[in-house]
Amino acid sequence: MAKVYSNGQGLQSASFSVKKGEFVGVVGKSGVGKTTLMRLLCGAIFPTSGSLTIFGTQMETVKRGKLRQLRNRIATVYQNYNVIPCLDVARNVILGRLSEASWYETVRRLALPTKAENEEIRTILTKLQINEKMDERCQELSGGQQQRVAIARALYSHADMYLVDEPIASVDPTTANIILQTFQTLKQDGKTIIMNLHQLDHALKYCDRILMLDQGSVSFDGTPAEFLQSSQYARLASAENSNRRCRPYE
Ligand SMILES: Nc1ncnc2c1ncn2[C@@H]1O[C@H](COP(=O)(O)OP(=O)(O)OP(=O)(O)O)[C@@H](O)[C@H]1O
């Protein structure tokens, strides 16, 4: 498929399929089309040519109702977090599971979450080490904390597929590992994860497949071990000024 914007930029050519339960890392320089790919995969935009099938549904001909159902099976974590600043952390997380709820149920969950709902939210926030912020408004949090709230909201959705755009861009190395380990646990539960990552060492360590984009096209598709041996890895690592060869399996 391709998604070419009116200025000629975008994703020029991508051909791949992803299996249930795979953790795919999408790497590549800035501007090569990683976010465009994410937006295609969550049905926010559509290919300008070629074909895209998500959960067996062809996106070129999808009807509005079916698209809504598909989107309910996909959780997206955007680079800019998309949290609601004036709501507290718990309520931002609750938003992750409201798409199917009636108007009454939406108000009830936001105004009067049950003990079980609060406990589930607290468990997710504890995993991401941000539970002490549960009652604080998002506008009072740092960028890295807001990023973890956005991740918690995605986890609360119980989606089948997680599209995650640069989830560790604003966090310290310890938190980065916590976040990536959380997604690895999801993968073990059979969830599919497609994650844009700039940090090659983390992609090599946590993903079980690497897709590299270069100038809007897929230039590599293989395992981390194959990627590590590839000329594409060498080029990208040196371009990102990090040609320190990683040894993720040691
Ligand atoms: N809505 C748009 N209209 C026109 N051009 C766009 C649009 N969105 C992205 N582009 C262009 O498409 C190309 C790919 O952008 P995209 O955001 O997908 O890259 P990226 O790999 O995610 O970059 P980064 O790593 O910096 O986030 C870029 O050249 C960008 O300028």
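Cut-off values and rules
Residues numbered from 1 in each chain as written. Predicted model: local features only at pLDDT ≥ 70, side-chain atom pairs only at ≥ 80, totals over all residues. Domains from an automatic or database assignment. Contact = placed C-beta atoms within 7 Å. Helix = DSSP H or I, 4+ residues; strand = E, 2+ residues; numbered from the N terminus. Nonpolar A, V, L, I, M, F, W, Y, C, P; charged D, E, K, R; others polar. Near = placed C-beta within 6 Å. Axes fitted to C-alpha atoms, helices over the stretch in contact; angles between N-to-C directions. Parallel < 35°, antiparallel > 145°, perpendicular 65-115°, else oblique. Left-handed = near helix turned anticlockwise from the far one by under 90°. Pairing = 2+ DSSP bridges. Core = buried A, V, L, I, M, F, W, Y, C linked by C-beta atoms within 7 Å. Buried ≥ 20, exposed ≤ 12 C-beta atoms within 10 Å, placed from the backbone. Expected span 1.5 Å × (residues − 1). Arc of directions from axis to C-beta.

Split into domains, the protein chain comes out as domain 1 (1–73 + 161–244) and domain 2 (81–158). Computed over C-alpha atoms, the centres of domain 1 and domain 2 are 25 Å apart. On the domain 2 side, the residues contacting the nine residues of domain 1 number ten residues. At four residues, the largest contribution of residues to the side of domain 1 that touches domain 2 is made by helix 7 (residues 173–188). Here the side of domain 1 that touches domain 2 is composed, by residue class, of five nonpolar, four polar and no charged.

Attention now moves to the site of the ligand. The ligand sits among Tyr 5, Asn 7, Gln 9, Gly 10, Gly 28, Ser 30, Gly 31, Val 32, Gly 33, Lys 34, Thr 35 and Thr 36. Broken down by element, the shell around the ligand gets its largest block of residues, three residues, from helix 1 (residues 34–41). In the shell around the ligand, the residues fall into two nonpolar, nine polar and one charged.

On to the environment of Met 212, then. Here Met 212 shows up in strand 9 (residues 209–214). Distance in space between the C-alpha atoms of Met 212 and Lys 127 is 30 Å, their sequence separation being 85 residues. Look past the residues within four positions of Met 212 in its chain and what remains in contact with it is Val 27, Gly 28, Ser 219, Phe 220, Gln 232 and Leu 236.

Moving on to the packing of helix 5 (residues 115–127) against helix 6 (residues 143–156). Across the interface, helix 5 lies against helix 6 with an axial gap of 10 Å and an inter-helix angle of 130°. Considering the angle they form, helix 5 stands oblique to helix 6. When the axes of helix 5 and helix 6 are compared, the crossing they make is right-handed. On the side of helix 5, the interface is formed by Ile 121, Ile 124 and Leu 125, while helix 6 contributes Ala 152, Leu 155 and Tyr 156. For the contact of helix 5 with helix 6, the residue count by class is six nonpolar, no polar and no charged.

An order of 6-7-8-3-9-10 is seen for the six strands of this open sheet, with the pairing classed as mixed. Pairing within the sheet leaves two strands with one partner each, and these edge strands are strand 6 (74–77) and strand 10 (217–222). The sheet shows a mean angle of 15° between the axes of neighbouring strands, direction not considered. Strand direction decides the pairing type here: strand 7 (residues 161–165) and strand 8 (residues 192–196), joined by five bridges, are parallel. Looking across to strand 8, one finds that Asp 165 is bridged to Asn 196.

Counting 62 residues, the largest nonpolar core has Val 93, Val 149, Ala 152 and Tyr 162 as its most contacted members. In terms of residue count, the dominant contributor to this core is helix 6 (seven residues). Taken together, domain 1 (1–73 + 161–244) and domain 2 (81–158) each give at least three residues to this core, which thus spans both. When residues no more than four places from it in sequence are discounted, the contact partners of Val 93 are Ile 121, Ile 124, Val 149, Ala 152, Arg 153 and Tyr 156.

As a further point, take helix 7. In a regular helix each residue adds 1.5 Å, so 16 residues correspond to 22 Å; helix 7 covers 23 Å between its end C-alpha atoms and thus fits that length. If you check which residues of helix 7 are buried, you get Ile 179, Leu 180 and Phe 183. End-on, the buried residues of helix 7 take up no more than an arc of 90°, which puts them together on one face. Of the exposed residues in helix 7, those oriented more than 90 degrees away from the buried face are Thr 174, Gln 181, Thr 185 and Gln 188. Check the buried side of helix 7 and you find it contacts strand 3 (23–27), helix 6, strand 7, strand 8 and helix 8 (200–206). Of the residues one or two after helix 7, Gly 190 is the one with positive phi, at around 90°.

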